[in-house]
Amino acid sequence: MKKALLAATVVASALTASLVAAPAATAAPASTGWDLPWSNHHSRTTSIPFTEATVTAGAGGTFTLKWKAQGVRRVEIKANGKVVAKGGVQGAAVVSGLPAADRQWFDFKADRGEGLRLADRLIALEGAVNFRDAGGYRTTTGQWVKMGEVYRSDALDKLTAADLAKLQRLGVKNVFDLRMASERTTGPDKVPAGATYTVADVFAGSGSFQTLPKSPDEAVKAMVDAEKAMVGGEGGKKAYSQVFEGLERDRDRAVLFHCTAGKDRTGWANAALLTALGVPADTVMADYLASNDYRRAANDAILSHLPAPQAAVYKPMLDVRAEYLNSGYDEVKAEYGTFDHYLKDGLGVDARELKQLKKDLLVG
């Protein structure tokens, strides 16, 4: 069996191998038409005037900065303590010539209100393609999810020594492995020195996902069913409870959760976290669908080595699609009625813990 075909088989059997790219640190992606009818968030006055702010790394060490702010006259952006861009309520700038760094941070500051510290969402690694920051998003209340606190990723088994050293410098201290036993055996995690490793197997005890679909429609159904199992299955509830408990307990972050492709099991973990923090549904969806960009090259390589009929079956399993994530929220509504009830009754996150999580992970 060709290596590409074997890789696709492993990915499909796990129902989690995928591609994708996430948006840069941003607040207002294009609408997806997706909504959470049980959400009940209200806007409030925030100390952060920025309604949008993004950092996007480009070729040759360049960075594109964009922003919008309300009720201000001047915006100043610093990197390494030096001003690299200035403007008014809305602006954009391309910055180059900055010294090499594990991660380049930018401080957005207006002439009033609290500032923002942002970076490009993607963490460039040699052995992973979908390792990114969970933060950098604006909530419905005008607060922002901190960056550098929580990370999401694809498999860690191919991380190099340089990658591990970088993650150690970035402060990754807790790693949650969402993969099945067969995946962990085939590709054991490599974690930064001193980090705590926890198995949080989303599909533990499940007899599902043992056979491959035979048509594209069967593949789509398998992905939808898998998403529902993440929400309603005992393994999923236990695994995501572990992740949320780790996030709430570990005040000395950073926390990392991952699966094989970093798109399905990891995608639901991040979607649940962002939803709990009050990030708008469209933004959550954009973050979820971003895996399609970050993993595009890897997925295209797999599909290019398969006969066309087989590639057509595999593609839905390599994709992330809105209907997959929506099926998870449908399952939440069917089983729990509201997302808050899912957090409390499904994952054991009560109002006090959720309040503390927001206090820890939000600014503004």
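Residues numbered from 1 in each chain as written. Predicted model: local features only at pLDDT ≥ 70, side-chain atom pairs only at ≥ 80, totals over all residues. Heavy atoms only, no water.

(A) Focus on the confidence of the model for the chain. Looking at the chain, the pLDDT average stands at 89 and 87% of residues meet or exceed 70. Across residues 1-35 the pLDDT falls below 50, and counting only partners more than four positions away or on other chains, this stretch makes 133 contacts in the model. Here residues 37-43 scores under 50 on pLDDT; set against residues more than four positions off or in separate chains, the count is 14 contacts. (pLDDT = per-residue confidence, 0-100. Contact = heavy atoms within 4.5 Å.)

(B) Region of interest: the packing of aromatic side chains. Within the structure shown, the criterion is met by eight aromatic pairs. Ring-pair connections join several aromatic residues into one group, and the members of that group are W268, Y329, Y336, F339 and Y342. When the ring centre of Y137 is taken as reference, the NZ or CZ atom of R121 above it lies at 3.9 Å. (Phe/Tyr/Trp six-rings, centres within 6.5 Å; stacked < 30°, edge-to-face > 60°. Lys NZ or Arg CZ within 6 Å of the ring centre and 35° of its normal.)

(C) Region of interest: the side chain of S241. Relative to the helices and strands, S241 is located in helix α5 (residues 234-249). Here S241 is in contact with G346, L347 and G348, once residues within four sequence places are set aside. (Helix = DSSP H or I, 4+ residues; strand = E, 2+ residues; numbered from the N terminus.)

(D) Looking closely at the environment of T140. Structurally, T140 can be placed in the loop between β8 (132-133) and β9 (144-145). Here T140 falls in the partly exposed class, since its relative accessible area comes to 25%. Sequence-wise, T140 and P280 are 140 residues apart; in three dimensions their C-alpha atoms are separated by 5.9 Å. (Buried < 20%, exposed > 50% of the residue type's maximum accessible area, 1.4 Å probe, protein only.)

(E) Looking closely at the packing of α5 against helix α6 (residues 265-277). For the pair α5 and α6, the least separation of the axes is 11 Å and the interaxial angle reads 50°. Between α5 and α6, the angle falls in the class oblique. Once α5 is placed against α6, the crossing between them reads as right-handed. Here Y240, F244 and L247 of α5 come into contact with α6, specifically with R265, W268, A269, A272, L273 and A276. The residue makeup of the contact of α5 with α6, split by class, is eight nonpolar, no polar and one charged. (Axes fitted to C-alpha atoms, helices over the stretch in contact; angles between N-to-C directions. Parallel < 35°, antiparallel > 145°, perpendicular 65-115°, else oblique. Left-handed = near helix turned anticlockwise from the far one by under 90°. Nonpolar A, V, L, I, M, F, W, Y, C, P; charged D, E, K, R; others polar.)

(F) Here's a closer look at the sheet that holds strand β13 (residues 255-258). On the basis of which strands lie adjacent, the open sheet formed by five strands has the order β8-β10-β13-β11-β12 and mixed pairing. Looking at which strands have only one partner, the edges of the open sheet turn out to be β8 and β12 (196-199). Bridging between strand β11 (residues 174-177) and β12 involves four bridges; their strand directions are parallel. Bridge pairing in β12 places F176 opposite T198. The sheet contacts of α6 involve β10 (150-153) and β13, and relative to β10 the element is tilted by about 155°. (Pairing = 2+ DSSP bridges.)

(G) Looking closely at the pattern of salt bridges. The full count for this structure, using the stated rule, is 22 salt bridges. A salt bridge links R117 to D107, with the shortest nitrogen-to-oxygen separation between them at 3.7 Å. Highlighted residues: R117 in strand β7 (residues 116-118) and D107 in strand β6 (residues 106-110), separated in sequence by 10 residues. Judged by its relative accessible area of 47%, R117 is partly exposed. Salt bridges linked by common partners bring R132, R152 and D287 together as one network. (Salt bridge = Lys/Arg side-chain N within 4 Å of Asp/Glu carboxyl O.)

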